[in-house]
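Here is what each chain is made of, one letter per residue.
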Amino acid sequence: EDALAEYEEVLNELERQGEIERVLSVGEQILALDASRADLLARMAQMMKERREYEKAKELTKRACGADPRNVEYFEMLAELYATLGKDKEKQEAYKEVAKLYRERGNNERAQEILQKHVNMELGLDPNELSASGIDLNEISGSGLNVSVDPNELSGSGLKVDPFAPTDVGLGADPDNV
């Protein structure tokens, strides 16, 4: 613990001096002693992001997500890095994880907002994939989340579809307001 405290002091001083390469080196030494330091990994990733070294930032952020898989902020940062790097599939996967974490925290509204804004439903994301990732369309159907789904695609998915409902409204839409 004494060694970790000393390394932490050195790291903080180097960061104040703007010695990013040395900060990263000392950070790796700290991680060699305590690999569970997700906060340090995320801090180092942010430094790389600020330097526009997005690939290094992504790798550090992935390590932070692995060290603390319940931290939604790390997954949001990872999704942003994937977006910056033009990796759409990986970005969508990261945002699905963000939505799942928000749901687990009881923040369904934020989860729905993330899905609506960042997960492109038109690129083959079907209800079964959502279900496999912990997202249940039945739970979010009253949210106003407008997802166009062909009822024929839902057969076998466990979702109930009203055969008399208009087919041109998304799930959760109020048919009276269409």
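Described in the following lines is the structure provided in the data block. (Residues numbered from 1 in each chain as written. Predicted model: local features only at pLDDT ≥ 70, side-chain atom pairs only at ≥ 80, totals over all residues. Heavy atoms only, no water.)

Concerning the pattern of salt bridges
What counts, and what does not: The working definition used for a salt bridge is a side-chain nitrogen of Lys or Arg within 4 Å of a carboxyl oxygen of Asp or Glu. Working definition: helices are DSSP H or I runs of at least four residues, strands are E runs of at least two. Numbering for both runs from the N terminus. Only protein chains enter the accessibility calculation, which uses a 1.4 Å probe; a residue is then buried when its area is under 20% of its type maximum, exposed when over 50%, and partly exposed in between.
Inspection of every chain in the model, using the stated rule, returns 16 salt bridges. In this structure, Glu104 engages Arg70 in a salt bridge whose closest nitrogen and oxygen atoms are separated by 1.7 Å. One end of the pair, Glu104, is in helix α6 (residues 88-104); the other, Arg70, is in the loop between α4 (54-67) and α5 (72-84), with 34 residues separating them in the sequence. A residue is classified by how much of its surface remains accessible, and Glu104, at 45% relative accessible area, is partly exposed. Connected through salt bridges with shared partners, the residues Glu8, Glu15, Arg37, Asp39 and Arg43 form a single ionic network.

Quick look at the side chain of Lys96
What counts, and what does not: Two N or O atoms form a polar contact when they lie within 3.5 Å of each other; inside protein one atom must be a possible hydrogen donor and the other a possible acceptor, and for residues adjacent in sequence the pair counts only when both atoms belong to side chains.
Inspection of the secondary structure assignment puts Lys96 in helix α6. Looking at Lys96, its side chain comes within polar contact range of the side chain of Glu93, at 2.9 Å.

Digging into the packing of α6 against helix α7 (residues 108-118)
The cut-off we apply is this: Between N-to-C directions, angles span 0 to 180 degrees; the directions come from axes that are lines fitted to C-alpha atoms, helices contributing only their stretch in contact. In what follows, roughly perpendicular refers to angles from 65 to 115 degrees, roughly parallel to angles under 35, roughly antiparallel to angles over 145, and oblique to any angle outside these ranges. Note on convention: the crossing is left-handed when the near helix lies turned anticlockwise from the far helix by less than a right angle, right-handed when the turn is clockwise. Contacts: residue pairs with any heavy atoms within 4.5 Å of one another. Residue type decides the class: Asp, Glu, Lys and Arg count as charged, Ala, Val, Leu, Ile, Met, Phe, Trp, Tyr, Cys and Pro as nonpolar, and the leftover types, Gly among them, as polar.
α7 packs onto α6 with a crossing angle of 165° between their chain directions and a minimal axis gap of 7 Å. Judged by the angle between their axes, α6 and α7 are roughly antiparallel. For the pair α6 and α7, the sense of crossing is left-handed. When α6 is examined against α7, the residues Lys91, Gln92, Tyr95, Val98, Ala99, Tyr102 and Arg103 are found in contact with a partner set consisting of Asn108, Arg110, Ala111, Ile114, Leu115 and His118. The residue makeup of the contact of α6 with α7, split by class, is 7 nonpolar, 3 polar and 3 charged.

Here's the deal with unusual backbone geometry
Phi angles above zero are rare outside glycine, and Arg52 is one such case at about 65°. Its place among the elements puts Arg52 in the loop between α3 (38-50) and α4.

Some words on α3
Threshold: Expected helix span is taken as 1.5 Å per residue step, with the number of steps being one fewer than the number of residues.
Helix length check: α3, at 13 residues, gives a terminal C-alpha distance of 18 Å against a target of 18 Å (1.5 Å per residue), a fit within 8%. Along α3, the residues that are buried comprise Ala38, Leu40, Leu41, Ala42, Met44, Ala45, Met47 and Met48. The elements touched by buried residues of α3 are α1 (2-16), α2 (20-33), α4 and α5. Two residues or fewer after α3 comes Arg52, characterised by a positive phi angle close to 65°.

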